[in-house]
Structure formats: structure tokens, C-alpha cells
Amino acid sequence: MKATATGLICAACSDSTQFGIGAGTGAVASTYQCEFTGSGGEYFRIWIVNLLLSIITLGIYSPWAKVRKNRYFYRNTRVAGSSFDYHGNPGAILKGRIIAVLLIAALSLSKQFNPKLYVVVLLLVSLILPWMITRAFSFRLHNSSWRGIRMRFHGTVTGAYLMFLLYGFLTLITLGICFPLLYRQLRLFLVNNAAFGTTRSELTISSGDVFGVFIKTIFMSIGVGIVISIAMGFLMNLLFGSLSLKAGRPSQAMFVWIGIIAIAAYLLYRVIVQSFFRTRMTNLVWDHTRLGTIRFESHQRARDLASIIASNALLTFITLGFYWPWARVQLSKYYADTLLVYAPDGLNSFVADVESAVAAAGDEITEALDVDFGF
Amino acid sequence: MSTSVSDLFLEPVSGHYYDGRSSRAYNVTFGIRGGSCRISGEGIDKTIPLSDIILSEQLDKAYRILRFGDGSSCELPDSLQLSVIFEGSDLRDSFVNRLQRSWRWVIISLLLLSLVFFAGYKWGVPFAAEKLAYRLPFTALSMISQQALSTLDGRFMQPSKLAPERQTQLRERFAGIAFPQARNIPLKIEFRESAMLGANAFALPDGTIVFLDQLVQLAGNDDELVAVYAHEAGHVANRHSMRQLIQSSIVALALAAYLGDVSSLAGAMSGFLLQAKYSRDFERDADRYAATVLRTNGLSPRLLGSFLKKLEQAHNRRSGSKSDDGVFDYISSHPSTNERMKEIESLSKP
């Protein structure tokens, strides 16, 4: 349950990078292509300095690093000639990270020393998880802007609890068959509570649509699994078939090679299946999202994403991680390149939500609770 | 050295102005003169003192965003031009941003980072783990050990099939072994049977040493078992398992921070490779300890080497593979038997 929920936050966060949206300079009906102007070389320099400072400060710098990273990706994402901006306060992120590190330490220590206490801590963590998800999403959107207008998140912690209790229970008693319903509800919770200025966004996906993606993914994964297994069998036979007959006994080296090939095949399988699911789901959600009169069209393709992820993973592995900044930039570029914004009434008529900004700043409790849990 | 802001000058350039209340983009020109900037166009005409500006940092292609006190803002395409103007003034880029913009500093960072990684891995982590391991109270060691033993008992090990007299005989023999230094953790001997683990023995942090039946049967004489006992006692005395646990936790954490967003599997795999070196270092350390103990008791340190050879042959028979020393040193948790025998051999000479 815990792992599932964390997976969902990540899925939601990856979308929110491009959330929000905007307007053209003229009030003419128009279509805008989302664009990303960052480059791998430039992000590499930011990444390496961030990494060094984070390590030599034993992690204390990492919230500042996160702000720099987010600013880089936001400010390089453009719609209709205007860029996004990120305003996260590193102090709030540091607070969130300290709490998260303490929770993780409590989890792993109790797991080592006291299994009974571990169950209690695990229960406690799953209890505050909905709160953390709501906070993380709220923090992210409140600190994102486009054309000087902030985004908002109106989801309540109560709403999150109800959703997880109700749909979590349903998922549990149906042994996971109803998981797509929980997934859909989480997407609805995130998108329908999000706003750009005073304009709320709206998601209309049916349970059938969501179940469709899950079922297609299952069939896909079976098919891909069979194909990869057969291909692996052929490869093994080609490499070791004659060898093992002659030598009689398999050598240790052979076992290691078989292990490496098996891991590579499994990773390839995972990348293909995940790319299929992610592209289908991202397209479905964007295509059914409205922001006022604005519509979106996402046309990601599984084979594009899979080849980007697979080649990036290979290069990152070969370079001991140093290729990562180029990989990250390439992914953002792909996400931007596949997103279109339709604005029949232009993008000039959004109004800032001044009221909830004042409310948030005036309330000291909200201020004290300004914590970010998004990793 | 700081340039006065009143000396800054910028010919008007075109950009976008946002009033902070609506998403309308105004096409404006932006110029600087006499300590303030002027924004004009499409019905906007504002003069704002430069001290009232929050300037976003320079990036290659991203627009520069200037935020004003009243919530309005400006987006200017030419990032470099502004940097040149503001260089040396209060509005120049932050120290970190200037580091990130210079390839020279980036390469220095890269070198420093490699140095920190290397030194931390080679000396920092083992040092911290050693300090920490000796500070842990005995109750913590015993809790972890009992937890581990009951897990193993449930899944991989059964009660020993050795005759009780044989067990008592071995216990008495081990109890008679003298140690060169006083031991602060008392040793406790356990016997178990395990088809899965085969001929093996291991030590837990609280001083429990577990002998598996197949290992006892493999030994030609009890002196060889004393050698194994001395080796395991070395693991206990120098708190190897605790240190290994702490070291692998630190390595796992560091890798999660570094490779975390790449892939958790890649992190786990490299963690496994990196921890193997620590484990091999501990094995060598325990071998040296065992050699001293054996000599103290009038036994030859060669006993350990010859028994290791025997163990290796037994394991190879079981897995049906031939020995492949050398290639696997780097991924193996133990040094190769040949290497260990050579080292023990050198320790045998007085």
C-alpha cells in the first residue's frame, strides 16, 4: 500500500512539471506547442555543482540544489513565448526532508531491532502519508507560476484520507482488481483540485478508460514477456549451447554472463511495459483535461519513450551516472515536444488568485506547516 | 569594487510585461538609466528603482525574469546582456550561479567530487563505521543477532544432527583456546544443520559462532575447526558484522542520493559491488587474527589455509564448477582462496 502510493505521487509529479498553462499574446484562437529550451551540457554544470555542494555539506545544501534544479527546468519550459517559474523556499524543503529522513530512519531502525515497533511505525507512516501527499502537491503548485500568475491546489487532507480509505479498502478486498479505480480517483483528486490563478482545471476520465489502459498494459506485458523470453533463449543457445556440451561442466564465468543477460532482458521488459503504461495514461489524462476553455493534446508514443529511456539508462550506466543530466534534459524535451495547447479564446484572461495567497500568508499555522515532501 | 547602480545603462530592449493580476502579456520595451528601469508599451509606462527588483539568475536560453515589489514582472529574452550590465553591481549573479556557469569550476567540482567519493569510500566510511560499531551497546548487538538467528533458523537451518557428546567435546576444545588479548564479547558456540548453506560457519555480532554440520564433518581433525573458530572469533572481536552493516547502510544511502533518480536497481547493484570490497577486507583481517590466535596456542596458522582449500574443493564439487580465481575477485565477498593461502603462509613465518 505504501509503495503504491509513493509510486502514484511520482506519476503525478512528473506531469505537474508541465502543468499549468497559458495564453498567447493576441486574443486570437490559437494552438501552442509546449517547448523546452534546456541543454544537457548546461544542466550538467548545474547538476555537478549541486552534487558537490550537497555532499560536502552532508546533504544540508540539497534543498537549495532542488530549487536550482526545478528553476532550471521550469524557466526552460515555455508555452506561447512565456516561461514557467519556480518559487520554492529551500527552508520549507529542508524541513520536509528532515522529517522524511527521520521517518525513514525510524522505519529501518525499528525493522532491524524491533519488529513489533516496526509495525507501529509503518502504520503511523501510512497514516500521515495522505497528509504528506497533499502537502507535497500543494507546495509544488503554489510555487509554480506562468506569466506572473501562481498555480493553486485546493485539495484537502480530509479529501485525501477519504479517498485512500475508501478506494484503498476497495482495492484491498478485491485483491487489487479495483486498483485502477484508486488510480483514477487519485488523478481526479490531483487535477480537479489544481488551479491556474482562479481557474480550476477539470479532468473527465471514466473508469472504463482507466481500466482499458490497465488491461491493455497487462496483455502487452504478457506479449512482450513471451517475445523477450524467446529472444533470450535463442541468444543463450547461440552463446553457450555448443560450449556447455563440450566442456561438460558450466564455468562460473558462464553463470555470471547468463545473469547479466537475464538482468538486461528484465530491464528491457520493464522499460517497454512502463513506457506503454505511462504514455497511454499521460495521453489519456492530458486529452481529458480542461483549464477554462483551454484543451490539451498529448501525443506521446510508447516506442519513443522506451527507446529514450533504454538508451539513456545504458549511457548513464556506462558513464557511471555522468550522462544523467543529458538523459533528464532529453526526457523533458520529449514531454514538451509532445504537448499541444489549444486556446480558442486566447491565453490572456486568467486572473491571479490573490485571496488564497493572502489567506496562506496570513495564517501562521499554514506558514509553520509550509513543508515540502516531494522528492 | 562594487559598481554603483546609478551608473548602469541599458538601451531599451523588447520583452514581456505581466501585471501580476492577469495572464495578459504586454509587449514592452525595457531600459535602464539613472538607477531605475523604465517599462513602456501597450498602455504601460512605469519607472521602478533597481533596488526594488528581484532578478532571476542567468541561464543559457531561458528568459531573464525580473520581479518587482508590486507583484508585476518582466521577461527579457537576452540573458547575457543583462549579466554584462549587472556584473560587479548588487544585481550580479550569485556565487553558486557563477560557479555553475564556468566550465573551469565545473571541472574542479568534478575532480573534487571524485576525490570526496574515493576518500569517503576508502577511508571515511570504514572509519565512521568502526567508531560507531564500538559505541553500540551490547543489548543492540544481541537484539540484532537474535533477530538474524531466528530468521535463519526459520528458513535455512535445522537443529544439528551431530551427537551431543561430539558437540560438548568441541565446545570444551574451543573453551580451552587462549586469546592474545582480553575479549570483551564472550563467545557462544551453536551447531546447526543446513542443506542450503552447506559446509560453512559464521559469526554474529553478539559473539554467537554458528558451525554447520557439513563443515564439522569435512574437517580432518579438530585443529582445523579451531582454525575456523579463531577466524570467526576475529570477526566478533573486531566487530566486523556490525561494521559491515553500518558501512553498507552508508553506501546504500549515498548511492540512493547519487543514483536515486536514475534507477533504484542500478543503485542496489552498484551497492552490492562496492560493499564486496569491504567484506573482503574484513576476511583478510579475520585471517590475520586467526593466525595470531593459532600461534598463541601452539598451532600452525597453515591449518586455516589448508582447511580453506578443502572447503573450496567441497563447494566446487557441490556446484559442479571449476575454480575461477582472479576474474571474480572484484565481485566476490571473500578474497580468492589462493590469495588468502599466500597471505596466511606469509603470516606463518615468525
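Rules of the game
Residues numbered from 1 in each chain as written. Chains lettered and ligands numbered in written order. Predicted model: local features only at pLDDT ≥ 70, side-chain atom pairs only at ≥ 80, totals over all residues. Heavy atoms only, no water. Helix = DSSP H or I, 4+ residues; strand = E, 2+ residues; numbered from the N terminus. Areas by Shrake-Rupley, 256 points an atom, 1.4 Å probe, with all protein chains shown as cover. Pairing = 2+ DSSP bridges. Contact = heavy atoms within 4.5 Å. Axes fitted to C-alpha atoms, helices over the stretch in contact; angles between N-to-C directions. Buried area = accessible area lost by both parts, 1.4 Å probe. Salt bridge = Lys/Arg side-chain N within 4 Å of Asp/Glu carboxyl O. Polar contact = N/O pair within 3.5 Å; in protein donor to acceptor, adjacent residues only side chain to side chain. Nonpolar A, V, L, I, M, F, W, Y, C, P; charged D, E, K, R; others polar. pLDDT = per-residue confidence, 0-100. Expected span 1.5 Å × (residues − 1). Buried < 20%, exposed > 50% of the residue type's maximum accessible area, 1.4 Å probe, protein only. 1 Å grid on protein atoms, 1.4 Å probe; cavity = no way out; pocket = protein on both sides within 12 Å on 5 of 7 lines; lining within 4 Å. Points joined across faces, edges and corners; volume = space filled by probe spheres on them. Core = buried A, V, L, I, M, F, W, Y, C linked by side-chain atoms within 4.5 Å. Patch = residues over 30% accessible without salt bridge, like charges linked within 9 Å, V, L, I, M, F, W, Y side chains within 5 Å. Parallel < 35°, antiparallel > 145°, perpendicular 65-115°, else oblique. Left-handed = near helix turned anticlockwise from the far one by under 90°. Phe/Tyr/Trp six-rings, centres within 6.5 Å; stacked < 30°, edge-to-face > 60°.

**A word on the overall build of chain B**
In terms of helices and strands, chain B carries 11 helices and 11 strands. With the model as given, the accessible surface of chain B reaches about 17,400 Å², and the carbon-plus-sulfur share is 59%.

**Some remarks on the sheet that holds strand β11 (residues 339–343) of chain A**
Residues and elements named next belong to chain A. Taken in spatial order, the 11 strands of this open sheet run β1-β11-β10-β9-β8-β7-β6-β5-β4-β3-β2, and their pairing is antiparallel. The sheet terminates laterally at β1 (30–33) and β2 (35–36), the two strands that pair on one side only. As paired strands, strand β4 (residues 82–86) and strand β5 (residues 144–146) are joined by three bridges and run antiparallel to one another. Residue pairing across strands places Tyr-86 opposite Ser-144, the latter belonging to β5. Against the sheet, helix α7 (residues 179–192) engages β6 (149–153), β7 (194–196), β8 (199–203) and β9 (289–291), with an angle of about 160 degrees to β8.

**Some remarks on the interface of chain B and chain A**
Between chain B and chain A, the contact holds 52 residues from the first and 59 residues from the second. Together chain B and chain A conceal approximately 4,900 Å² of surface at their shared face, both sides included; 61% is due to carbon and sulfur atoms. Our count for the chain B to chain A interface comes out at two salt bridges. Connecting chain B to chain A are 17 residue pairs in polar contact (both at pLDDT 80 or more). Elements with a contribution of two residues or more to the side of chain B that touches chain A: β1 (10–18), β6 (64–68), β7 (73–76), α2 (95–101), α3 (103–135), α4 (138–155), α8 (240–259) and α9 (264–296) of chain B. Across the side of chain B that touches chain A, the residue classes tally to 26 nonpolar, 14 polar and 12 charged.

**What about the confidence of the model for chain B?**
Residues and elements named next belong to chain B. Mean pLDDT over chain B: 79, with 85% of residues reaching 70 or higher. Ranking the elements of chain B by mean pLDDT puts helix α1 (residues 79–86) last, at 72, and β7 first, at 91. Considering only residues more than four positions removed or in separate chains, one finds that residues 321–331, a stretch of pLDDT under 50, has 27 contacts.

**Concerning helix α3 (residues 62–75) of chain A**
All names here are of chain A. Between its terminal C-alpha atoms α3 stretches 20 Å, which fits the 20 Å expected from 14 residues at 1.5 Å a residue. By the criterion of burial, α3 is predominantly enclosed, with 11 of the 14 residues buried. Here α3 has its buried residues at Ser-62, Pro-63, Ala-65, Lys-66, Val-67, Arg-68, Asn-70, Tyr-72, Phe-73, Tyr-74 and Arg-75.

**Digging into the confidence of the model for chain A**
All names here are of chain A. Residue-level pLDDT values for chain A average 81, and 83% of them are 70 or greater. Highest mean pLDDT in chain A belongs to β2 (94); lowest belongs to helix α1 (residues 2–16) (36). Contacts from residues 1–27, a stretch scored under 50 in pLDDT, to residues over four places away or in other chains number 73 contacts. In this model residues 358–369 is a low-confidence stretch, pLDDT under 50, and it forms six contacts with partners more than four residues away in sequence or in other chains.

**Some details on the pairing of strand β11 (residues 208–212) of chain B**
Residue and element names in this part refer to chain B. Burial runs high along β11: five of the five residues are buried. Side-chain alternation along β11 places Thr-208, Val-210 and Leu-212 on one buried face and Ile-209 and Phe-211 on a second face that is also buried. Where strand β9 (residues 188–193) meets β11, five bridges bridge the pair, whose relative direction is parallel. Bridge pairing in β11 links Lys-188 to Thr-208. As defined by bridge partners, strand β10 (residues 201–203) adjoins β11 across three bridges and the pair is classed as antiparallel. Residue pairing across strands places Phe-202 opposite Val-210, the latter belonging to β11. The hairpin turn running from β10 into β11, its antiparallel successor, is four residues long, and Gly-207 in that turn takes a positive phi close to 95 degrees.

**Quick notes on the pairing of β7(B)**
For a regular strand, side chains alternate in direction, first toward one face of the sheet and then toward the other. Residue and element names in this part refer to chain B. Burial of β7 is two-sided: the residues Ser-73 and Glu-75 facing one way and the residues Cys-74 and Leu-76 facing the other way are all buried. When β1 meets β7, the two strands line up antiparallel, connected through three bridges. Directly across from His-16, in β7, lies its bridge partner Glu-75. Strand direction decides the pairing type here: β6 and β7, joined by four bridges, are antiparallel. Paired with Arg-64 across the bridge in β7 is Leu-76. Connecting the antiparallel pair β6 and β7 is a turn made up of four residues, with Gly-71 showing a positive phi of about 90 degrees.

**A short note on empty space enclosed by the protein**
For the structure shown, the criterion picks out seven cavities of 30 Å³ or more. Estimated volume of the second largest cavity: approximately 90 Å³. Along its surface, the second largest cavity is lined by Ile46(A), Arg68(A), Arg71(A), Tyr72(A), Arg75(A), Glu57(B), Leu59(B), Asn97(B) and Gln100(B). Broken down by secondary-structure element, the contributors of at least two residues to the lining of the second largest cavity are α3 of chain A together with α2 of chain B. The biggest single contributor to the lining of the second largest cavity is α3(A), with four residues.

**Side note on the nonpolar core**
The tendency in soluble globular proteins is for nonpolar side chains to be buried as a group. Ranked by size, the top nonpolar core spans 75 residues in total, and within it Val79(A), Met281(A), Ile294(A) and Leu347(A) carry the most contacts. With 42 residues, the next largest nonpolar core counts Ile144(B), Ala290(B), Leu311(B) and Ile344(B) among its residues.

**Here's the deal with unusual backbone geometry**
Residue and element names in this part refer to chain A. Even without a glycine there, the phi angle at Leu-58 is positive, about 55 degrees. By relative accessible area, which is 79% here, Leu-58 ends up exposed. Unlike most non-glycine residues, Arg-147 shows phi in positive territory, near 55 degrees. With respect to the element layout, Arg-147 can be found in the loop between β5 and β6.

**Remarks on a nonpolar patch on the surface**
A cluster of nonpolar side chains, namely Ile215(A), Ile218(A), Phe219(A), Ile222(A), Ile226(A), Ile230(A) and Phe234(A), defines an oily patch on the protein surface of about 760 Å² accessible area. Inspection of the secondary structure assignment puts Phe219(A) in helix α8 (residues 207–247).

**Quick look at the sheet that holds β6(B)**
Residue and element names in this part refer to chain B. Taken in spatial order, the seven strands make up an open sheet running β4-β3-β2-β1-β7-β6-β5, and their pairing is antiparallel. Each end of this open sheet is capped by a strand with a single partner; those strands are β4 (44–49) and β5 (53–55). In this sheet, adjacent strand axes meet at a mean angle of 30 degrees when their direction is disregarded.

**Let's talk about the packing of helix α5 (residues 115–142) of chain A against helix α6 (residues 157–173) of chain A**
All names here are of chain A. Running from N to C, α5 and α6 cross one another at 130 degrees; their axes reach a closest spacing of 9 Å. Classified by the interaxial angle, the pair formed by α5 and α6 is oblique. Judged by the sense of rotation from one axis to the other, the crossing of α5 with α6 is right-handed. Facing α5, whose interface residues are Leu-127, Ile-128, Pro-130, Trp-131, Ile-133 and Thr-134, α6 presents Val-157, Ala-160, Tyr-161 and Phe-164. Across the contact of α5 with α6, the residue classes tally to nine nonpolar, one polar and no charged.

**Some details on the pattern of salt bridges**
Scanning the entire structure with this criterion turns up 13 salt bridges over all chains. Across the pair Arg45(A) and Asp60(B) runs a salt bridge whose closest N-O atoms are separated by 3.4 Å. Placement of the pair is Arg45(A) in helix α2 (residues 40–56) and Asp60(B) in the loop between β5 and β6, with the two residues belonging to separate chains. In this structure, Arg284(B) engages Asp281(B) in a salt bridge whose closest nitrogen and oxygen atoms are separated by 3.2 Å.

**A look at the packing of aromatic side chains**
Counted under the stated rule, the structure contains 28 aromatic pairs over all chains. Their ring planes at 85 degrees and their centres at 5.8 Å tell us that Phe179(A) and Phe214(A) sit as a pair that is edge-to-face. Placement of Phe179(A) in helix α7 and of Phe214(A) in helix α8 is noted, with a sequence separation of 35 residues between them. Of the two residues, Phe179(A) and Phe214(A), both sit in the buried class. A connected cluster of aromatic rings, assembled from ring pairs, spans Phe44(A), Trp47(A), Phe322(A), Tyr323(A), Trp326(A) and Trp103(B).

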